[in-house]
Amino acid sequence: MSNYHPGSFRKITVAIILSILFCHPVFSQQESKITGIVLEEGSNSPLPYASIGIYNTADSLISGGLSDDKGKFRIDISLGEFYAFVEFMGYEPYKTGLFKITEDSPSLDLGQIRMKTTAENLDEVIVQGEKTIMELSLDKRIFNVGKDLANAGGNASDILMNLPSIAVDPEGNVRLRGSDNVRILIDGKPSGLVSFKGSAGLRQLPANMIERVEVITNPSARYEAEGMAGVINIILKKDNNQGFNGSVELVGGSPTNLGFTANLNYRHKRINWFINYSLTHRRAPNVGELYQETYGEDTTFILNQRNKGVVKSLNNNIRGGLDYYFSESSILTLSYLWRRSDAHRITDIRYEDSWNTLGNLQSYTLRRQDETEEEPNSEISMNYKKTFERKGHELTGTLTYLNYWENSDQLFTQGGYTPQGSPIAGSSVLQTSLNDEYENQYLAMLDYVQPFGKEGKFESGFRASFREMKNDYLVQQANESGILEPIPGLDNIFLYDENILAAYGILGNSTNKWSYQGGLRIEYTDVETTLEKTNEVNPRKYTDLFPSAHLTYNVSEENAFQISYSRRVRRPVYNDLSPYVTLSDARNFFSGNPDLNPEYTNSFELGHIKYFDKGTLFTTVYYRSTNDKIERLREVDEDGNSTTLPFNLNEENSFGVELSSDYQLFPWWKLDFNANFFHADIDGTNIQNGYETKTYSWLFRQTSRFTLIQGLDLQLRANYDARQKTVQGVRKGIFFMDFSASKNILQDRGTLVFNATDIFNSRRNRYISEGSNFYTEGDFQYQRRQFILTLSYRIKQ
């Protein structure tokens, strides 16, 4: 008989719960039991918590259990003919012969069951799993990011930049299929990293702490409705194998990129301990240029601006916790996550002011920003998961508390000069900006799945989220006597309170080659913003319904189609609403808009998956219709000073097609390919006549991976994010390439990886913005070409 039993471990854990919940000897007519002891062959050491399944002659799981600390087990059983199937990680499965439990012989002692270690476990477990980089399903794509060489020594933002469908601009903003309205979660929950800074905050999370990334472009009602383009869920590393295992990583790079990361796990009996720690120090230089024409009645005022700066940062991340196994199907997880980021930013700006032509220079101004920033934040989470007898029957509950604080202390110095370089009297300016931001968030989630019939499933759940955010800002300027005085309108306290209650239900089933799923989510939103010192209060309360539907047709195991629909929302968040104006640039200001409304999207997709012998092809056609689209617009006053803030445009309608494929061209050459072509029609005429555009754009990414000799891999990736029109102008195309090489060392327990990111130093944010009285062209580079060397070492992995 075969030593492999498909799905046996899953079924055994279900049987354990069945025996715990429903086996009560007090009410038994007659006690029938199976006993035995599980030992390691050779040493005769007991194997605790081995899985024992009891099957009937039809190979159906009837009961099961786990061995105790001494390797012994006892399983209550009904009368009949059975066999036992025993499993333990790192050992060959053991299957007994058939035996009978009768009224005359109600008990059976199987005696000593001796388990043989597998060949690869005779010394030390070294698992270098050749995980597929991309696992495809019609409603979700899962990326096992550790296999991508380009991620070594990077951060979460770098990982997302290397994934299909996703683009990350030079400022760190994430776009999914061309839309920047994407919901980013960490371990299925909101995170402080993306609360205040948006997706750019992901640069603080080292890549080596990440296990995989899930990309969900048309989520069901199970997921919160936030995120027009979909959901990106970042899963952090955690293992649950028995014993001690882990990994450590050292990083060195230029410009300065130094780091250390450790991921450690220890599983003993019912408790699995895990801890992840990282320390990184980076020096990130940046440069930029801006050219702007402002049109007066008879004069064109020209601004030629050059920026040069550097950000030095020190980031600490520590995450620890435990899984407590009441049984293999009843697990309680407690975790604590603490992060601290300290940064020092120096930015020097030169403004050259000319009239009509660049040759007619009137004056120039020098400004320096000196900022010290500290950001400690923490998250506490408790999760409980209970699986029941039937496959797919489970209950999950989560409680999370998030605390975030940021302090920014900035000093600005500025002086004006004649074209000949002489100081202009009275032009010296000294300003300070103090900004404290706080957040407390409380989150509770409960999800329940109940199977019915042969393939049916009903899901329901509840979610409650409560957020309190505070921004205390004060901008002061020195008067003629050198005394700092508050600048009018820039001394206030901004409060943001958000309460969201949600519930959902999903019904799904399958018949023959068809499967369907329909769901409805209801969300109640209560948001209130307050400017405390001026007593400006803006309350918002609304209730929305968010339906979803998925219909799948499986032509064969290698070929399937799915059509899906969902309604999504983008609520204005803290940065969208806060009226606080940044002063890092004295000519270009950025702010929020307290009067902003949410935007709503109806999203439709038709997807197709085709598996081939040497590869996979994933194709999606999609359409999105958005009302009250949120877009940041630039306004320029008569003095040439600009303010950029978000507005609600009438609508946007977009459609596109996306292709993702991997193909093993030769045993030593594997290709990955992703292309996204889309069209968008944007109407912003409610803001200003002429603010409308039709644009075609596309995103292309191709990766080649070469295995030259055993343990040596090379990887080359090309990226192109094509030119795209906006209602005010154009975002120019971006092309860049990355190169990586890796070599296994230290008897395959270690890996040395070299990365050259943005080889041609071409990843720049270039744009044109136009209005009735201005023309602006910008070219900024926030992240320079990098060379990174990473050494990782695996401990019993």
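Note that this is a predicted model, so its numbers are computed, not measured.

S.K.: Before we go on, may I ask you to explain the overall build of the protein in this structure?
M.R.: When its secondary structure is counted, the protein shows three helices and 44 strands. When contacts within the protein are restricted to residue pairs at least 6 apart in sequence, long-range pairs at least 24 apart make up 66% of them. As displayed, the protein offers around 35700 Å² of accessible surface, 55% of which is attributable to carbon and sulfur atoms.

S.K.: Honestly, the environment of Val449 in this entry has me stumped. Any pointers?
M.R.: Locating Val449 in the fold gives a position in strand E23 (residues 429–452). Judged by relative accessible area, Val449 falls into the buried class, the value being 12%. Through-space distance from the C-alpha of Val449 to that of Gly505 is 9.9 Å; in sequence the pair is 56 residues apart. When near neighbours in sequence (up to four residues on either side) are disregarded, Val449 contacts Gly392, His393, Glu394, Lys457, Phe458 and Glu459.

S.K.: How do you make sense of the packing of aromatic side chains when you look at a structure like this?
M.R.: Aromatic rings considered in pairs are described by the distance between their centres and by the relative angle of their planes. As enumerated under the stated definition, the model contains 21 aromatic pairs in all. Pairing Tyr324 with Phe326 gives two aromatic rings, centres 4.8 Å apart and planes at 75°, and the pair type is edge-to-face. On the accessibility criterion, Tyr324 (28% relative accessible area) is partly exposed. Exposure remark for Phe326: the relative accessible area of 42% places this residue in the partly exposed category.

S.K.: Help me understand the nonpolar core, please; the structure alone is not making it clear to me.
M.R.: Within soluble globular proteins, side chains that are nonpolar generally end up buried alongside one another. Formed by 27 residues in total, the largest nonpolar core has its most connected members in Leu160, Ile166, Val174, Ile210, Val213, Ile232 and Ile234. Of all the elements in the fold, those that place two or more residues in this core are helix H2 (156–161), strand E11 (166–168), strand E12 (174–176), strand E13 (183–186), strand E14 (210–216), strand E15 (231–236) and strand E40 (734–745). Of the residues forming this core, the biggest block, four residues, is contributed by H2. Beyond its immediate stretch of four places on either side in the chain, Ile166 contacts Leu160, Met161, Val174, Arg175, Leu176, Val215, Ile232, Leu699 and Arg701.

S.K.: What is the right way to read the pairing of E14 from this model?
M.R.: Along a regular strand, successive side chains alternate from one face of the sheet to the other. Within E14, five of the seven residues are buried, which leaves the element mostly enclosed by the surrounding structure. Strand direction decides the pairing type here: E14 and E15, joined by six bridges, are antiparallel. The residue bridging Ile210 from the neighbouring strand is Leu236, located in E15.

S.K.: I tried to follow the pattern of salt bridges on my own but got confused; where do I start?
M.R.: Close approach of charged atoms allows side chains of opposite charge to pair. Inspection of every chain in the model, using the stated rule, returns 27 salt bridges. The partner of Arg587 in a salt bridge is Asp353, with the nearest N and O atoms 2.9 Å apart. One end of the pair, Arg587, is in the loop between helix H3 (574–577) and strand E29 (588–590); the other, Asp353, is in strand E20 (residues 330–355), with 234 residues separating them in the sequence. Between Lys694 and Asp681 there is a salt bridge; the shortest N-O distance is 2.7 Å. Taken together, the residues span a long stretch of sequence, with Lys694 in strand E36 (residues 692–709) and Asp681 in strand E35 (residues 669–683) at a distance of 13 residues. By relative accessible area, Asp681 is classed as partly exposed at 27%.

S.K.: Is there a simple way to think about the sheet that holds strand E8 (residues 107–115) in this case?
M.R.: In any sheet, the strands associate via hydrogen bonds between backbone groups, in a parallel or an antiparallel arrangement. The sheet built from three strands is open, its strands ordered E4-E1-E8 with mixed pairing. This sheet does not close on itself; its edge strands, each paired only once, are strand E4 (72–76) and E8. If you compare each strand with its neighbour and ignore which way they point, the axes differ by 20° on average. Taken together, the five bridges between strand E1 (residues 33–40) and E4 define a ladder with antiparallel strand orientation. Along E4, the bridge assignment pairs Lys33 with Asp76.

S.K.: Looking at this structure, I do not really get the pairing of strand E5 (residues 80–87). What am I missing?
M.R.: Most of E5 is tucked away: six of the eight residues are buried. Summarising the sheet, strand E2 (residues 51–56) and E5 pair through six bridges and their orientation is antiparallel. From the neighbouring strand, Gly53 faces E5, where its bridge partner is Phe85. Bridge analysis of E5 against strand E6 (residues 94–95) gives two bridges, and the strand direction is antiparallel. When the bridges of E6 are listed, Val86 appears paired with Tyr94.

S.K.: What am I meant to see in the sheet that holds E29 here?
M.R.: Read across the sheet, three strands follow the order E29-E33-E32 without closing on themselves; strand pairing throughout is mixed. Each edge of the open sheet is held by one strand with a lone partner, namely E29 and strand E32 (630–636). Ignoring which end each strand starts from, the neighbouring axes of this sheet average 30° apart.

S.K.: What's the story with the side chain of Glu605 in this structure? I'm lost.
M.R.: Its place among the elements puts Glu605 in strand E30 (residues 599–611). Of the polar contacts made by the side chain of Glu605, one reaches the side chain of Thr217; its length is 2.9 Å. Dropping the residues within four chain positions of it, Glu605 is found in contact with Arg177, Thr217, Asn218, Gln562, Ile563, Ser564, Thr620, Val621 and Tyr622.

S.K.: Even after reading the chapter, I still don't get a nonpolar patch on the surface, so can you show me in this structure?
M.R.: Side chains of Trp514, Tyr516, Leu551, Val555, Phe561, Ile563, Leu606 and Val621 sit close together on the surface and give an oily, nonpolar patch of about 700 Å² of accessible area. Taken together, the elements giving at least two residues each to the nonpolar patch come down to strand E26 (514–531), strand E27 (536–556) and strand E28 (559–570). Summarising the element assignment, Ile563 is placed in strand E28. What makes Ile563 partly exposed here is its relative accessible area of 47%.

S.K.: What's the story with the confidence of the model for the protein in this structure? I'm lost.
M.R.: Do not read the fine detail of predicted coordinates wherever pLDDT is low. For the protein, per-residue confidence averages 84 on the pLDDT scale, and residues scoring 70 or more make up 87% of the total. Predicted confidence is poor over residues 1–30, with pLDDT under 50, and the contacts of this stretch with residues over four places away or in other chains come to 57 contacts. Under a pLDDT of 50 for its full length, residues 119–132 has, in the predicted model, 21 contacts with residues more than four places off or in other chains.

S.K.: How should the environment of Asn755 be read in this particular structure?
M.R.: Secondary-structure assignment places Asn755 in strand E41 (residues 750–757). For Asn755, a relative accessible area of 1% corresponds to the buried category. Separated by 35 residues in sequence, Asn755 and Thr790 place their C-alpha atoms 8.3 Å apart. Here the side chain of Asn755 touches Ser740 through a polar contact of 2.4 Å, side chain to side chain.

S.K.: How should I be thinking about unusual backbone geometry in this particular structure?
M.R.: When glycine is set aside, most residues are seen to have a negative phi, and most peptide bonds are trans. For the bond running from Ser254 to Pro255, omega is -5°, close enough to zero to count as cis. Summarising the element assignment, Pro255 is placed in the loop between strand E16 (243–254) and strand E17 (257–268). Phi at Asn356 is positive, roughly 70°, even though this residue is not glycine. Mapped onto the elements of the fold, Asn356 is located in the loop between E20 and strand E21 (361–387). A positive phi angle, near 60°, is found at Asp628, a position not held by glycine. You can call Asp628 partly exposed: its relative accessible area is 33%.

Calculation criteria
- Residues numbered from 1 in each chain as written.
- Predicted model: local features only at pLDDT ≥ 70, side-chain atom pairs only at ≥ 80, totals over all residues.
- Heavy atoms only, no water.
- Helix = DSSP H or I, 4+ residues; strand = E, 2+ residues; numbered from the N terminus.
- Contact = heavy atoms within 4.5 Å.
- Areas by Shrake-Rupley, 256 points an atom, 1.4 Å probe, with all protein chains shown as cover.
- Buried < 20%, exposed > 50% of the residue type's maximum accessible area, 1.4 Å probe, protein only.
- Phe/Tyr/Trp six-rings, centres within 6.5 Å; stacked < 30°, edge-to-face > 60°.
- Core = buried A, V, L, I, M, F, W, Y, C linked by side-chain atoms within 4.5 Å.
- Pairing = 2+ DSSP bridges.
- Salt bridge = Lys/Arg side-chain N within 4 Å of Asp/Glu carboxyl O.
- Axes fitted to C-alpha atoms, helices over the stretch in contact; angles between N-to-C directions.
- Polar contact = N/O pair within 3.5 Å; in protein donor to acceptor, adjacent residues only side chain to side chain.
- Patch = residues over 30% accessible without salt bridge, like charges linked within 9 Å, V, L, I, M, F, W, Y side chains within 5 Å.
- pLDDT = per-residue confidence, 0-100.

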